[in-house]
Amino acid sequence: MAERLLTTGEIARLCRVTTETVVSWIKSGKLKACSTPGGRYRVSTITCAKFLDEYGLPVPREWFMPDAADGQAAGAAPASPDQQTNEENIDMDQLVLAKAFVPNLVENLKKSYRVFGPVPQGASSAFKELDGSESMQLDYTTTILPPKKFVLPPREKLLDFNIATGESCEPKPDARPIAVLGIHPCDMQGILRLDFAFRRGRCEANYFERRKNMLFVGTSCNPDEYCFCDAVGSNKFDQGFDLFLSDIGQSYLVDVLTPRGREVLAGLKMQPVTDIDRREAKKAHDRCTSHPGRKMQPAVSSLPLLAKDGDELDLWANFGKRCLTCGTCNLVCPTCYCFDVRDNVELDLTNGARERFWDSCQLEEFAEVAGGESFRKERANRQKHRFNRKFRYFAAEYGAPFCVGCGRCSRQCVAKIDIVEIANELEKAVAKL
Amino acid sequence: MPAEEHVCNCLERLYKPRAAKLAKVEQLTAKEKFFEVRLDDGSDLGHQPGQFVEVSLFGYGEAPISISSSPTKKGSFDLCVRAAGGLTNAMHKLPQGASIGIRGPFGKGFDTEFLKGKDILFVGGGIGIVPLRSLINYVLDKRKDFGKVTILYGAKNPSELLFINELEKWKNDKTVDFRLTVDRPDESWKGHTGVITTLITDLQVDPAATYAAIVGPPIMYKFVLLSLKAKQFRDDHIIVSLERRMKCGVGKCGHCQINSIYVCQDGPVFNYATLKDLREAF
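Treat the numbers as computed from the prediction; the structure is a model and nothing was measured.

Engineer: Tell me what's going on with the overall build of chain B, and back it up with residues and numbers.
Structural biologist: Tallying secondary structure elements over chain B gives 8 helices and 15 strands in all. The C-alpha radius of gyration of chain B comes to 19 Å, within 12% of the 19 Å expected for a compact globule of 282 residues. Projecting the C-alpha coordinates of chain B onto the three principal axes gives extents of approximately 60 × 45 × 35 Å. Contacts spanning at least 24 positions in sequence make up 71% of the contacts within chain B whose residues lie at least 6 apart.

Engineer: For the interface of chain A and chain B, give the residues involved together with the corresponding values.
Structural biologist: Each partner contributes to the interface: chain A provides 48 residues, whereas chain B provides 44 residues. Contributing elements (two or more residues each) for the side of chain A that touches chain B: β7 (155-162), α7 (185-199), α8 (205-211) and β14 (339-345) of chain A. The dominant element in the side of chain A that touches chain B, judged by the number of residues it contributes, is β14(A), at 6 residues. Each residue belonging to the side of chain A that touches chain B can be placed in one class, and the counts come to 22 nonpolar, 9 polar and 17 charged.

Engineer: So what's going on with the domain arrangement of chain B? Residues and values would help.
Structural biologist: Residue and element names in this part refer to chain B. The domains assigned to chain B are domain 1 (18-106) and domain 2 (112-241). Put simply, the middle of domain 1 and the middle of domain 2, counted by C-alpha atoms, are 24 Å apart. Residue-level contacts link 16 residues of domain 1 with 14 residues of domain 2. When the residues that make up the side of domain 1 that touches domain 2 are grouped by side-chain class, the tally is 6 nonpolar, 8 polar and 2 charged.

Engineer: So what's going on with the confidence of the model for chain B? Residues and values would help.
Structural biologist: Per-chain confidence: chain B averages 93 in pLDDT, with 97% of residues scoring 70 or above. Scored as a complex, the prediction yields pTM 0.84 and ipTM 0.91.

Thresholds applied
- Residues numbered from 1 in each chain as written.
- Chains lettered and ligands numbered in written order.
- Predicted model: local features only at pLDDT ≥ 70, side-chain atom pairs only at ≥ 80, totals over all residues.
- Helix = DSSP H or I, 4+ residues; strand = E, 2+ residues; numbered from the N terminus.
- Rg over C-alpha atoms; globule rule 2.2 N^0.38 Å.
- Contact = placed C-beta atoms within 7 Å.
- Nonpolar A, V, L, I, M, F, W, Y, C, P; charged D, E, K, R; others polar.
- Domains from an automatic or database assignment.
- pLDDT = per-residue confidence, 0-100.

Put into C-alpha cells, the structure is as follows:
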C-alpha cells in the first residue's frame, strides 16, 4: 500500500476515542507523529498500523490493499474531473470554499438530507428548513431557539395507544437524515451535552435514532454583548461538527472533520488552503469572546465550590424575587432537556398518544408530587437549582459545565436576570462570608 | 467527538409499558386501595424490595407507584395506591380484571444482601408502610437470614391503618417486635397513642448491630432521625426512601432531581449517610 498521512481525527475514529486522547498519545510518545507547517499532527499509516498492532487494536484491512483502491477505501473524496484537489501535498482536511458556492453545498446536502439553516426572523434568526439557500444568512448572531430542537423536538410522541383495546406501540422516531448549517460552537457544545444526558445511565433509542442521521456544519460567529462562550470554554471549533466553515472574507475555510462531511463536498469547486487563509480563520475564531463590558469574573472551574459555599446566601432570594417563573430560560437553553409527559386523547375518545414536552424547573409544579408536596416551592430555590445544574451538578461527571455561554437565557429573560451577573454576584458574596 | 461515537449498540426503547391486569382490587381505607397486578406475559416483575413501577393508564398518563409486595411472592405483585392525583383517582375506579400498563421496576431498592444477618428496625409512617411492606415481608419470608426484627408503624388515626390483617400476623409473630401507634385515637382505640417517635424512646436496640429502614411523610423523617440519633444510630445505619415526582423513571426527565442526583436512578432508597450533604433531600 502507498503510505498515507492520517489526521488525529481519523485515528480517533479508528480507535473510538476522542481526538484529545489521540493527541495525548502523541504527546506522551506512545504514537509517533510529524507536524504540518500549520502545526497539525499527522501520522503515517505505517506508523499507525504498528501502533495499533502493538496495542492489539484492529488494523484497517484497506491499508493493505493494492494502491488503486487506497484513496477510496480510506474515505477520501472520490476523484472527479472538476475537482482541484487531487494534487499531491494538498491538505484534504482543510479546503477553501468561496461564499458564492454555498448554494452548491446546500444543493449537495439536499441530495441526502433535509437541510436547515439560520434564517432571519424578527430581530433575531431561527433555524428553518431551506427552500432555496437565498433566504439563509450564515453570518448571524444567534437564533431564538438553539439547534437542540432537532435532537430533542419540543414535542415528541413516545407512544400511540388505543384505550378500547389497551394496545400501544412506540412510533419510530422521525429519523429522516437532516443537515443543519450554520451551527455556532456554543450550540454544538450544547448538543454534545445532550448526547451525554441521553446516554447517561440508559441510552435512549428515541434520541439516538434521530441523532445518528444528523450532519452538522458549523460556522464561526458574531458574538453580541450576551455571549460568553470563552468563559465556559465552549468556543471549540473541532468538536461534534462534520464540517466547520470559518469566515475568511470572500470565502470560508472548511475544516473537514468526518468522512460524512467529506462526502457532501464531492464535486464542489474548492481551493487549497494557504497560510493567509489559516490566519484569517484564526482571527474569526478569536472573535468568539465575551463582550469586554460583560465578563464572567469567577473562573468557571471555581463555580461549583462557589455555588456550594453560597448555598444559603440572600442572593438567591433576590434573583428569585425578580423571576417571573415563565420558564423561557429553560426553553431557550441548549443544554436544558427536562421534559414532561402527557397523554392526548383524540375526539373519538379511543385513540391517543403519549407525548413529551420541554419542561421548566422554574415552574412551581415541576417538583410537585400528587399529594401536593412541593419540593422546590421557593423561587429562590428554583433559581439556585438552575444555576447549580449548569455549573455544578453534572459538571464534574461531564468534565465541563452544562452552560455553553450562548447567552440566550439572559438575552431573552423578561426580568433581565443574567446568569453572568449571578456568577459575579455569587463570587462577591461568597468572598464576604 | 464525532457523531459516530454516539451510535452504540445499547439503545433502549424506554417508554413502552408492559400490559398487565388487576387480579384483585380491595378498598383498604377511605383513600387507599390495594391492587394485585399480574403481567399479561405471566412473568414475575423481578424487583427488589423498595423499587417502584410506573403505572400507565392510557388517557391519564403515568405515575410512579411503590411496589408493596416482596419479590418472594411469585406470579403477581402488590400496589397500594392513595387517590391523590389524576391517574391514581382514575385507577381507583378500575374494577378487578381491568388492564393497566407497567414500566419498571425502577430505581434502587433495599440492599437485601447487605442487610443479611443484621438486626432491622422498620419505621413506617402513614402510607410509608406501603413500600416498607415489600422489605418486611421479604425479611419475614427469609426470617432465618436476619437478626432481631422490630416494626414500628404509626398512622394519623385508626381508620387510616393499612393492611390490618397483616398487622395482626406481625403482632402474633413471636420472632417480631411489632408496635403500633396512632396520633388521634377514636373511642374504640385501645393501643398506643402518640406520634411514631414516642415508640422509639423506650425501645431496646443495639445501634451498632441494627439498621433502621424508615419510610414516611417528609415531616416524619426530621423527627425520627433525631430520635435515632439520640439512640446512638450512626448515619450509615439509617436507610430511607424518598418520594419525588418520578415522571420518566429512567433518569432523563429531571423532575425527581435532588441536588445532583436523580431519585429514580440513585433511589428512592438511600443510605442516609449519602444524603446528608444534599440540602434538598429533607
